[in-house]
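Summary of the model geometry
Read off the chains here:
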Amino acid sequence: MDKSVWTEFLKHNWQIVQDNWLYILIGLVLLLVILKIVRTLVKWLLVIVVVVGLLIYSGISFDQVGKVVTQAKDDAINKFQSEALSMMIKEGRDAKYTSNGDGTFSVTSSNLEVKGPFDGDKVKVWFQGMPLGEWSMSDTVKKYIESAKGSTVTQQSPQSPQSP
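So, how was this worked out
Residues numbered from 1 in each chain as written. Predicted model: local features only at pLDDT ≥ 70, side-chain atom pairs only at ≥ 80, totals over all residues. Heavy atoms only, no water. Patch = residues over 30% accessible without salt bridge, like charges linked within 9 Å, V, L, I, M, F, W, Y side chains within 5 Å. Areas by Shrake-Rupley, 256 points an atom, 1.4 Å probe, with all protein chains shown as cover. Salt bridge = Lys/Arg side-chain N within 4 Å of Asp/Glu carboxyl O. Helix = DSSP H or I, 4+ residues; strand = E, 2+ residues; numbered from the N terminus. Phe/Tyr/Trp six-rings, centres within 6.5 Å; stacked < 30°, edge-to-face > 60°. Buried < 20%, exposed > 50% of the residue type's maximum accessible area, 1.4 Å probe, protein only. Lys NZ or Arg CZ within 6 Å of the ring centre and 35° of its normal. Core = buried A, V, L, I, M, F, W, Y, C linked by side-chain atoms within 4.5 Å. Contact = heavy atoms within 4.5 Å.

1. Side note on a nonpolar patch on the surface
- Together, Trp21, Leu22, Leu25, Ile26, Val29, Val33 and Ile37 line one region of the surface with nonpolar side chains, adding up to about 690 Å² of accessible area.
- Within the fold, tryptophan 21 resides in helix H2 (residues 21-37).

Rendered as structure tokens:
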């Protein structure tokens, strides 16, 4: 995650926290009391109301929170994509290529799954069961698919001789 997003967020809102520290402290104590005493759905509704009230009163806008959440999500997706690409390089020879009957193919390995049409330029990618969306057919993806095709052909075992 990008630390500059958090430092900018805290730098911008630190004065607000310093000015309203008593209200924030009261809100946190109220949250702790609610969490200890109330044990139903009402508890979580009260927690949400207190948190939203603190956010609104403290001057932190939902746009700022949204930017931080979006940045964190983008960083996580980029990390998974780069890990998936490195896995494609490592697991290409162990991958299994399957030609589906509907004009599509599947390539699976222990951590990756790639599906797409034969003549398309986009494939859908899953990394450790988590969908990473549609990717363009980059060189790495093409090499992964070609490596799986080659290993599927070479992995076919020869017929064993039949005993008389």
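2. Focus on the packing of aromatic side chains
- Under the counting rule described, the total for this entry stands at 2 aromatic pairs.
- Consider the rings of tyrosine 97 and phenylalanine 105, whose centres lie 5.8 Å apart with planes at 15°: the pair is stacked. Phenylalanine 105 shares its class with tyrosine 97; the two are buried.
- Taken together, the ring pairs connect Tyr97, Phe105 and Phe118 into an aromatic cluster.
- One residue, lysine 115, lies across the ring of tryptophan 126, its end atom 5.6 Å from the ring centre.

3. Let's talk about the nonpolar core
- Counting residues in each nonpolar core, the largest one holds 18 residues, and the members touching the most others are Met88, Val107, Val114 and Trp135.
- Going through the elements one at a time, helix H4 (62-91), strand E2 (104-108), strand E3 (112-117), strand E4 (122-127), strand E5 (130-136) and helix H5 (139-154) are the ones with two or more residues in this core.
- Ranked by residue count, the leading element in this core is H5, at 4 residues.
- In contact with methionine 88, other than residues within four places in its own chain, are Leu112, Val114, Val125, Trp135, Thr140, Val141 and Tyr144.

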